[in-house]
Amino acid sequence: LAAKGVAQYADTGVWTSKAIKEAANVGIAYEVVASSKETSYDRIPEVKFSDDAAYGYVCTNNTIYGTQYRELPRSKAPLVVDASSDFFSRPVDFTDVGLLYGGAQKNAGPSGVTVVIIRKDMLERACMERTPTMLCYDTHASAASLYNTPPTFGIYLLNLTLGWVQEQGGLSAINEINEQKAALLYGAIDGSGGFYKGHAQKDSRSLMNVSFTIANRELEAAFIAESESAGMLGLKGHRHVGGIRASIYNAVSTENVRTLAEFMKEFARKNG
Ligand SMILES: *Cc1c(COP(=O)(O)O)cnc(C)c1O
């Protein structure tokens, strides 16, 4: 995104670090104005973008660490938002958003589709001098998203998922379900008497990714193995942080999460 003035970034982990690196790569003047790097990205830092910043960049849900903004920071500068891992999981206040994007593969559909929502007045800034035509958002906006052949089957599936969201009662209803699901797992962690330790600080906890460790780290391999035998896959934490991570996207039912919470309690009882 062509920057009039300095772009500001809130660094909350791997995804924002990658975005910052790309800003540097294409020669955007930028600064990092908030970061939780020093505490292993265990929280959402206080974020205040300058009114005259070109844009303020945030990642709403930090998939690997299990942190999430409760709400977007208010900002006079337009926000640029990576919502890959939590859009369609709750209502979003678009008041200050200039551009919001997300890969579909976590909550919305198959991999290969990225949804971009951009404010019309941002379009004229969406291209730098040597940006390839294909990478300019105004190219796609002026061609009604048909500049090239889009991944039609993926978009079709995305639409089916949106229909499903509506059937559930829309994003507020989905959000309520997600709150209940997350509460089951955080309850199991907080009620374990220190057997489990959550990675994220409480006020930054994600409703999508619950990252935790076992105080006795040697038990983690057994936890992964036993949960796998019980039919629960993909609980191994991301290689950046290790430990255990339960990703409880929209497709994971409350029943599924309850099964995991019960497993966690039982595992702690047996090994505590
Ligand atoms: C998953 C994710 C991405 C990108 O995912 P790919 O697997 O590389 O397509 C980007 N940002 C966030 C916040 C994510 O969770």
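Heads up: the structure comes first, above all this text.
Here's what I pulled together on the structure shown here. (Residues numbered from 1 in each chain as written. Predicted model: local features only at pLDDT ≥ 70, side-chain atom pairs only at ≥ 80, totals over all residues. Heavy atoms only, no water.)

Let us now look at the sheet that holds strand 10 (residues 209–214). One open sheet holds the three strands; their spatial order is 9-10-11, and the pairing between them is antiparallel. Looking at strand neighbours, the two that pair on one side only are strand 9 (196–198) and strand 11 (244–247), the edges of this open sheet. Neighbour-to-neighbour, the strand axes of this sheet turn through a mean angle of 30°, independent of strand direction. In the sheet, strand 9 pairs with strand 10 via three bridges, with the strands oriented antiparallel. Directly across from Gly198, in strand 10, lies its bridge partner Phe212. On the sheet, helix 5 (residues 220–229) packs against strand 9, strand 10 and strand 11 and is oriented at approximately 130° with respect to strand 10. With respect to the sheet, helix 6 (residues 254–271) is in contact with strand 9, strand 10 and strand 11, its orientation differing from that of strand 9 by roughly 130°. (Pairing = 2+ DSSP bridges. Helix = DSSP H or I, 4+ residues; strand = E, 2+ residues; numbered from the N terminus. Axes fitted to C-alpha atoms, helices over the stretch in contact; angles between N-to-C directions. Contact = heavy atoms within 4.5 Å.)

Applying the stated criterion across every chain, the model contains one disulfide. The disulfide partner of Cys127 is Cys136, and the S-S distance across this bridge is 1.8 Å. Residue Cys136 is classed as buried on the basis of its relative accessible area, which comes to 3%. (Disulfide = S-S within 2.5 Å. Buried < 20%, exposed > 50% of the residue type's maximum accessible area, 1.4 Å probe, protein only.)

Quantified by volume, the largest pocket comes out at close to 1,500 Å³. Among the elements that line the lining of the largest pocket, the one with the most residues is helix 1 (residues 14–25), at five residues. Split into classes, the residues belonging to the lining of the largest pocket amount to 30 nonpolar, 12 polar and four charged. (1 Å grid on protein atoms, 1.4 Å probe; cavity = no way out; pocket = protein on both sides within 12 Å on 5 of 7 lines; lining within 4 Å. Points joined across faces, edges and corners; volume = space filled by probe spheres on them. Nonpolar A, V, L, I, M, F, W, Y, C, P; charged D, E, K, R; others polar.)

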